[in-house]
Amino acid sequence: MNTYINNAVMAWKRELQNVCGDFEIAFDMQNSLFIGDIKSFLLGETEIAFIKSNANYICRNEGISDRAKDRFCFLILQYTGKMKIDYQGQTITLNEGDIVLLDSEEKIEMYPQGLFSHISVHLYREKLYKQGINENHFGKLITSNMSGHLLKGMLQNLSPINIELWYAKEDENAFEDALIALIKPTINYKNIEILDHLNVKAERFIVEHLEQPNLNSQMVADYLGISIRHLFRLFENKQQTVHQYIQTQRLEKIKYELRDVNNKDVSISDIALKYGFSDSAHFSKLFRKIIGISPREYRISD
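Fair warning: this is a prediction, and the values are worked out from it, not measured in the lab.

1. Observations concerning the sheet that holds strand β6 (residues 83-87)
Part 1 of the reasoning: If you walk across this open sheet you meet the 5 strands as β1-β4-β9-β6-β7, and the pairing is antiparallel. Both outer strands of the open sheet, β1 (24-26) and β7 (90-94), are each paired with one neighbouring strand and no more. Pairs of neighbouring strands in the sheet enclose a mean axial angle of 15 degrees, with direction left out of account.
Part 2 of the reasoning: By the bridge criterion, 5 bridges tie β6 to strand β9 (residues 108-112) in an arrangement that is antiparallel. The partner of Met 83 across the bridge, within β9, is Pro 112.
Part 3 of the reasoning: Contacts between helix α1 (residues 7-20) and the sheet are confined to β1 and β4 (57-60), with β1 contributing the most and set at about 150 degrees to the helix.

Put into structure tokens, the structure is as follows:
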């Protein structure tokens, strides 16, 4: 591998080492194109790092004596982009929204596929082990159970601005305790043999991405790795097309938000826009057709 180790790469490597421990970095492209950014925060005793880069290769060798050794395990949410990880003899593929639990004692080889960002939470190994979470449970976590879904939601809602605005010393270690409490049933669920049918995966993907304006059949099919025709067949028993299912789920979300007292000062148009309806007239017509009354009438009705 021909690598360019320039000042920017070396500077980011030092930042990464200060926050996450000793990692090697490789970047194959023109020096001026390198992107490397890291922001770290301390919530009680728990370190959280927001990492963004287009490095080609990131590696932590096993048995390194540094600040992470014997202390941390890395709980990582792939926030954007894709990445492959070689870990404990297996290759793990991370897409957006996937979560992986890694041991800092083991060799970790990361192969980002372009620009990526992820959230890395440094959990104390001792606390994990006390809850029965050990090296046998590390790797990619299944998030299709309730605890996994909540775990993903917590991590996805993390951001530097949210931490700066909301975290207070009174929170202490509540965040880490909550994460570990959700990881425990999630790793137990990992040991249950399940058949997650494609139609269930499609429905979950749609529900999790309702706020994305470009959510459509092609996006769902690409996620599942199937053809559009195959996707359409999955929805035949629902008596709905994929497009109709997306609209129905969006309307259910909008109905909830119209009745939410926290949204009393939010316009109906803004709520509709949040779920991909940019045309107010079309939205109102569709809402009345499916719900039976106008959005305004629904909002003020008991």
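2. Things to note about the sheet that holds strand β10 (residues 116-124)
Part 1 of the reasoning: Reading across from one edge, β2-β3-β10-β5-β8-β11 is the order of the 6 strands in this open sheet, with antiparallel pairing throughout. Sheet topology places β2 (36-43) and β11 (139-140) at the edges, where each strand pairs with a single neighbour.
Part 2 of the reasoning: Of the strand pairs in this sheet, strand β3 (residues 46-53) and β10 are connected by 7 bridges, and their pairing is antiparallel. Paired with Phe 50 across the strands is Ile 119, a residue of β10.
Part 3 of the reasoning: Its contacts with the sheet put helix α3 (residues 146-156) on β5 (72-80), β8 (99-103) and β10, and the angle it makes with β5 is roughly 75 degrees.

3. Points about the packing of aromatic side chains
Part 1 of the reasoning: Here the structure, examined in full by the defined rule, presents 11 aromatic pairs.
Part 2 of the reasoning: Ring geometry for Phe 72 against Tyr 124: centres 5.6 Å apart, planes inclined by 70 degrees, an arrangement best described as edge-to-face. Here the residue Phe 72 occupies a position in strand β5, and Tyr 124 occupies one in strand β10, the gap between them amounting to 52 residues.
Part 3 of the reasoning: For Tyr 124, a relative accessible area of 22% puts it in the partly exposed group.
Part 4 of the reasoning: In this structure, Arg 259 is placed above the aromatic ring of Tyr 298, and the distance from its NZ or CZ to the ring centre is 4.0 Å.

4. Thoughts on the environment of Arg 229
Part 1 of the reasoning: Mapped onto the elements, Arg 229 comes out in helix α8 (residues 228-234).
Part 2 of the reasoning: Between the C-alpha atoms of Arg 229 and Ser 217, which are 12 residues apart in sequence, the distance is 9.9 Å.

5. Focus: the packing of helix α6 (residues 198-208) against helix α7 (residues 217-224)
Part 1 of the reasoning: Here α6 crosses α7 at 125 degrees, and the two axes come no closer than 10 Å. Classified by the angle their axes make, α6 and α7 are oblique. Where α6 crosses over α7, the handedness of that crossing is right-handed. Residues Leu 198, Lys 201, Ala 202, Phe 205 and Ile 206 of α6 pack against Met 219, Val 220, Tyr 223 and Leu 224 of α7.

Reading the values: rules and limits
Residues numbered from 1 in each chain as written. Predicted model: local features only at pLDDT ≥ 70, side-chain atom pairs only at ≥ 80, totals over all residues. Heavy atoms only, no water. Pairing = 2+ DSSP bridges. Helix = DSSP H or I, 4+ residues; strand = E, 2+ residues; numbered from the N terminus. Axes fitted to C-alpha atoms, helices over the stretch in contact; angles between N-to-C directions. Contact = heavy atoms within 4.5 Å. Phe/Tyr/Trp six-rings, centres within 6.5 Å; stacked < 30°, edge-to-face > 60°. Buried < 20%, exposed > 50% of the residue type's maximum accessible area, 1.4 Å probe, protein only. Lys NZ or Arg CZ within 6 Å of the ring centre and 35° of its normal. Parallel < 35°, antiparallel > 145°, perpendicular 65-115°, else oblique. Left-handed = near helix turned anticlockwise from the far one by under 90°.

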